[in-house]
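Examining the three-dimensional arrangement
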Amino acid sequence: MQYLVSVIFDRDGLATEDEQAAIDVFNDRLVAEGHWVFAGGLAAPASATVIDNRGEEAMVTDGPFLESKEYLAGFWIIQAADLDVALKLAAEGSKACNRKVEVRPFR
Amino acid sequence: MSVADVADAITQAHHEEWARVVASLTRRFGDLDVAEEAAAEAFATAVERWPADGVPPSPGAWLTTTANRKAIDRIRRENKRGGKHKEAQLLHDDDPPEPIGAIDDERLRLIFTCCHPALAIQTRVALTLRMVAGLTVPEIARAFLVPQTAMEQRITRAKAKIKAARIPYRVPSAEDLPARVSGVLAVLFLVFNEGYLATGPDTDPVRHDLTAEAIRLTRLIRALMPEDGEVAGLLALMLLTEARRTARVSASGELVTLGEQDRGAWDAALIAEGHRLVRERLAAGVAPGRYQILAAISAVHTSARDVHATDWSQVVALYDQLVRLDPSPIIALNRAIAVAELDGPEVALAAVDRLEHRLAGYHAYHVTRADLLRRLGRSQQSRAAYDKAIELAGNTAETAYLTRRRDQLK
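Structural notes, computed from the coordinates.

Cut-off values and rules
- Residues numbered from 1 in each chain as written.
- Chains lettered and ligands numbered in written order.
- Predicted model: local features only at pLDDT ≥ 70, side-chain atom pairs only at ≥ 80, totals over all residues.
- Heavy atoms only, no water.
- Helix = DSSP H or I, 4+ residues; strand = E, 2+ residues; numbered from the N terminus.
- Buried < 20%, exposed > 50% of the residue type's maximum accessible area, 1.4 Å probe, protein only.
- Contact = heavy atoms within 4.5 Å.
- Areas by Shrake-Rupley, 256 points an atom, 1.4 Å probe, with all protein chains shown as cover.
- Lys, Arg positive; Asp, Glu negative; His and termini not counted.
- Charge placed at Lys NZ, Arg CZ, Asp CG, Glu CD.
- Pairing = 2+ DSSP bridges.
- Buried area = accessible area lost by both parts, 1.4 Å probe.
- Salt bridge = Lys/Arg side-chain N within 4 Å of Asp/Glu carboxyl O.
- Polar contact = N/O pair within 3.5 Å; in protein donor to acceptor, adjacent residues only side chain to side chain.
- Nonpolar A, V, L, I, M, F, W, Y, C, P; charged D, E, K, R; others polar.
- Axes fitted to C-alpha atoms, helices over the stretch in contact; angles between N-to-C directions.
- Parallel < 35°, antiparallel > 145°, perpendicular 65-115°, else oblique.
- Left-handed = near helix turned anticlockwise from the far one by under 90°.

The next point concerns the overall build of chain B. Per the secondary structure count, chain B includes 19 helices and 0 strands. Sorting the 410 residues of chain B into buried and exposed places 51% on the buried side. Of all intrachain contacts in chain B linking residues separated by at least 6 positions in sequence, the fraction that spans at least 24 positions is 65%. Put simply, chain B shows about 19,300 Å² of open surface, and 53% of that area lies on carbon and sulfur atoms. Side-chain charges in chain B split into 53 positive and 54 negative, and the spacing between the mean points of these groups amounts to 3 Å.

Let us now look at the pairing of strand β1 (residues 2–9) of chain A. Residue and element names in this part refer to chain A. Most of β1 is tucked away, with 6 of its 8 residues classed as buried. As paired strands, β1 and strand β6 (residues 100–105) are joined by 6 bridges and run antiparallel to one another. Counted as the bridge partner of V7 is V101 from β6.

Let us now look at the interface of chain B and chain A. Every contact between the two is made by 12 residues of chain B and, on the other side, 9 residues of chain A. Together, the buried faces of chain B and chain A total about 850 Å²; carbon and sulfur atoms form 50% of this surface. Broken down residue by residue, the surface that chain B buries against chain A is led by A164, A165 and R166 of chain B, which jointly contribute 43%. Taken together, the links from chain B to chain A amount to 3 salt bridges. Inspection of the chain B/chain A interface yields 6 residue pairs in polar contact (both at pLDDT 80 or more). In terms of residue class, the side of chain B that touches chain A is made up of 5 nonpolar, 2 polar and 5 charged.

A few words now on the packing of helix α14 (residues 329–343) of chain B against helix α15 (residues 345–353) of chain B. Residues and elements named next belong to chain B. Look at α14 against α15: their axes get within 7 Å of each other, and the N-to-C directions meet at 160°. Comparing their axes, α15 and α14 come out roughly antiparallel. Like other packed secondary-structure pairs, α14 and α15 cross with a definite hand, here right-handed. Between α14, through L333, A336, V339, A340 and D343, and α15, the contact on the second element is made entirely by P345, V347, A348, A351 and V352. Of the residues that constitute the contact of α14 with α15, the class distribution is 9 nonpolar, no polar and 1 charged.

In structure tokens:
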């Protein structure tokens, strides 16, 4: 079972050095224990571009699809047996990156 | 067997077997939805058949077999229609088969799944009442003054989340157990309190159906986890509170405070059982948790012949213990009420006033102030506090009591 662990943040700024170090330790553990699928940090929402090609031609819009105070700062995709395992890992991830996270299962 | 006897047998089977049937089907088919529907169908079949065929010698086994058959019928029907991979959707349960023991009761798995912390507290309450207590959706909707369709949706969404997010169907590990048990007890206490101090302008002041259901479920958890002190504590607390239920509202529908209650009207059997549990926990010699201390406070109150004979120093000492465990302003408020009896209303009022910034929106804060100010002869301030309390109180009996008290002020 795979879960998307989204990192939610509401201010500018990337991870500090200490946070990055804690994230690295956590990532190593995910790999070692077989929970690692993929992870990444994202650039600021202002760098986003939205494309809608459902109509005649592709519409390009500058900025994120949703203007909100909180935004997606990064994510993990983890492999876990069930939600209890995923929540435990997510709690550690939240501590490591020092940000709030959301856990959502893949279908 | 008369019609009434059969009806009683069905009610009894529903009380005793519903959770067991739902739990064992959930274990077998890995799907709460299938289990719930099949259990409901099995009970409907019993209502149809038992009056003619007679009550089977083992109603539980009959219901489980019937429900199993209904579940298999449904799964066959669905497989024929959609051919979806049922396996992939099974609730996750990776436990090896364990020896039969109290802790392995399937009903416990069901309770822990329904009370999972990833579900909203209102959802946990609704799901527990449906899956474990066997209340119907309309009954639960009525109990919480929610439209039936909204309650239906809440339960359906919860089942979908349990499945999609793979909320496990198992008793938590020993390491997680204390926190998870306390989550279950919080759900049961919420059901009890909603029954005991029902809110809403058109509701009965005491909803006996909810208090009775909460006690029944807590008894079940107690039977499954007899060693857990907090489970015993919560059961004792509920019994000692329930014992005073009929004395708590007057014939005219007004709240009667502890000091003014007719103690002869208290339920002696419930009090005796509650006291037994409190003594059992004292003898265990383990540091008590929140519910055990609350039960002990209730035991002190219910041991006194009248309000003056209450051992208030004991009550305050227990509150001191509770404050150390849970420094919430509500506990501090209740402690102040006991302090008023021990050290006088002036000392108590000073303690209550210190809580203003945290409790200004809580009706009991204003009720307590109004009473203390009244006892100190400060009528005008007391009246203002009663006004505020009446504005914030949601319980009909309490509003009636507060209004009379206010109007009696000189």
